[in-house]
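Structural features, examined
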Amino acid sequence: QVQLVESGGGLVQAGGSLRLSCAASGRTFSNLIMGWFRQAPGKEREFVAATNSFDGTRYYADFARGRFSISRDIAKNTLYLQMNSLKPEDTAIYYCAARSGLYGSRVSDEYGYWGQGTQVTVSS
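Attention in this report is confined to the structure presented alongside it. Remember, predicted model here, so these are calculated numbers, not experimental data.

**Section: the sheet that holds strand β1 (residues 3-7)**
Pairing is antiparallel in the open sheet, where four strands are placed in the order β1-β3-β8-β7. Where the open sheet ends on each side, the last strands, each with one partner, are β1 and β7 (68-73). On average, adjacent strands in this sheet sit at an angle of 15° to one another, irrespective of strand direction. One ladder, built from five bridges, connects β1 with strand β3 (residues 18-25); its direction is antiparallel. Within β3, the position partnered with Q3 by the bridge is S25.

Below, the structure is given as structure tokens:
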């Protein structure tokens, strides 16, 4: 089993920044594929970013590329999502997810472990 706990969400003005954290426990963190997804009110959950377990390759949704950065601290068993130049349309609940394997995935159904989510609200 893997336990994931997100933190770092909040209210920010458009153009501002936030850094989300996801603390993982229960499995060897370095062997997990980690990702971020988000879900806005009335919309389906969508992929934000992910990182491979073995080589650190990073994947981004088009809306995230250039503004968001995913990273992981192996020593702290923590995944991060640095979000810059935030827009009102980035408002959503952001979820950390994990799966076994080697390669990151953009498909939420392929992740077996999920955190409880953290709310990000961007005001205009």
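**Considering the nonpolar core**
For soluble globular proteins, the rule of thumb is that nonpolar side chains tend to be buried together. Counting 29 residues, the largest nonpolar core has L4, M34, W36, L81, M83 and Y94 as the members making the most contacts within it. Put simply, the parts of the chain that give this core at least two residues each are β3, β4 (32-39), β5 (46-51), β7, β8 (78-83), β9 (92-100) and β11 (118-123). With residues up to four places along the chain from it excluded, the contact list for L81 reads L18, R19, L20, W36, V48, A49, F68, S69, I70 and Y94. Counting residues in hydrophobic clusters, the runner-up holds seven residues, among them F37, A50, A61 and Y111.

**Comments concerning the side chain of R72**
Here R72 is to be found in strand β7. Although buried, R72 forms no salt bridge, and the nearest oppositely charged side chain, D55, lies 8.2 Å from it. Polar side-chain contacts of R72 include one of 3.2 Å to the backbone oxygen of N52. Each residue touching R72, except ones within four places of it in the same chain, is listed here: F29, S30, L32, M34, T51, N52, S53, T78 and L79.

**As for the packing of aromatic side chains**
One pass over the structure, following the stated rule, counts seven aromatic pairs. When the ring of F37 is compared with that of Y111, the centres are 5.2 Å apart and the planes differ by 75°; the resulting orientation is edge-to-face. With F37 in strand β4 and Y111 in the loop between β9 and β10 (113-114), the pair connects residues that are 74 residues apart, well separated along the chain. Grouping residues by exposure puts F37 and Y111 together as buried. With 6.3 Å between their ring centres and 85° between their planes, F63 and F68 make a pair best called edge-to-face. Residue F63 is classed as partly exposed on the basis of its relative accessible area, which comes to 23%. For F68, a relative accessible area of 4% corresponds to the buried category. Put simply, the rings of F37, F47, Y95, Y111 and W114 pair up and form one aromatic cluster.

Parameters at a glance
- The numbers attached to residues start from 1 for each chain and follow its sequence in the written order.
- Note on the predicted model: pLDDT of at least 70 is required for a residue's local features to be given, and 80 or more for side-chain atom pairs to be given and counted; whole-chain, interface and lining totals, by contrast, use all residues.
- The side-chain quantities take in all heavy atoms of the structure and omit both hydrogens and water.
- Pairing between two strands is assigned when DSSP locates at least 2 bridges connecting them.
- Only DSSP runs of H or I reaching four residues or more are called helices, and only runs of E reaching two or more are called strands; each is numbered from the N terminus.
- Throughout, an axis means a line fitted to C-alpha atoms (over the contacting stretch in the case of helices), and angles, computed between N-to-C directions, take values from 0 to 180 degrees.
- For the purposes of this section, nonpolar cores are sets of buried Ala, Val, Leu, Ile, Met, Phe, Trp, Tyr and Cys residues that join through side-chain atoms within 4.5 Å.
- Whether a residue is buried, partly exposed or exposed follows from its accessible area with a 1.4 Å probe, protein chains only, as a fraction of its type maximum: under 20%, in between, or over 50%, in that order.
- Whether two residues are in contact is decided by their heavy atoms, any of which lying within 4.5 Å being enough.
- Two residue types count as positive, namely Lys and Arg, and two as negative, namely Asp and Glu; His and chain ends fall outside the count.
- We define a salt bridge as a contact between a side-chain nitrogen of Lys or Arg and a carboxyl oxygen of Asp or Glu at a distance within 4 Å.
- The definition of a polar contact used here is a pair of N or O atoms within 3.5 Å, where within protein one atom must be able to donate a hydrogen and the other to accept one, and adjacent residues in sequence count solely through side-chain atom pairs.
- Classification of ring pairs rests on two measures: the distance between centres of Phe, Tyr or Trp rings, Trp counted by its six-membered ring, which must be within 6.5 Å, and the angle between planes, read as stacked under 30 degrees, edge-to-face over 60 and tilted in between.

Interpretation note: all reported values are geometric properties and have no functional meaning in isolation.
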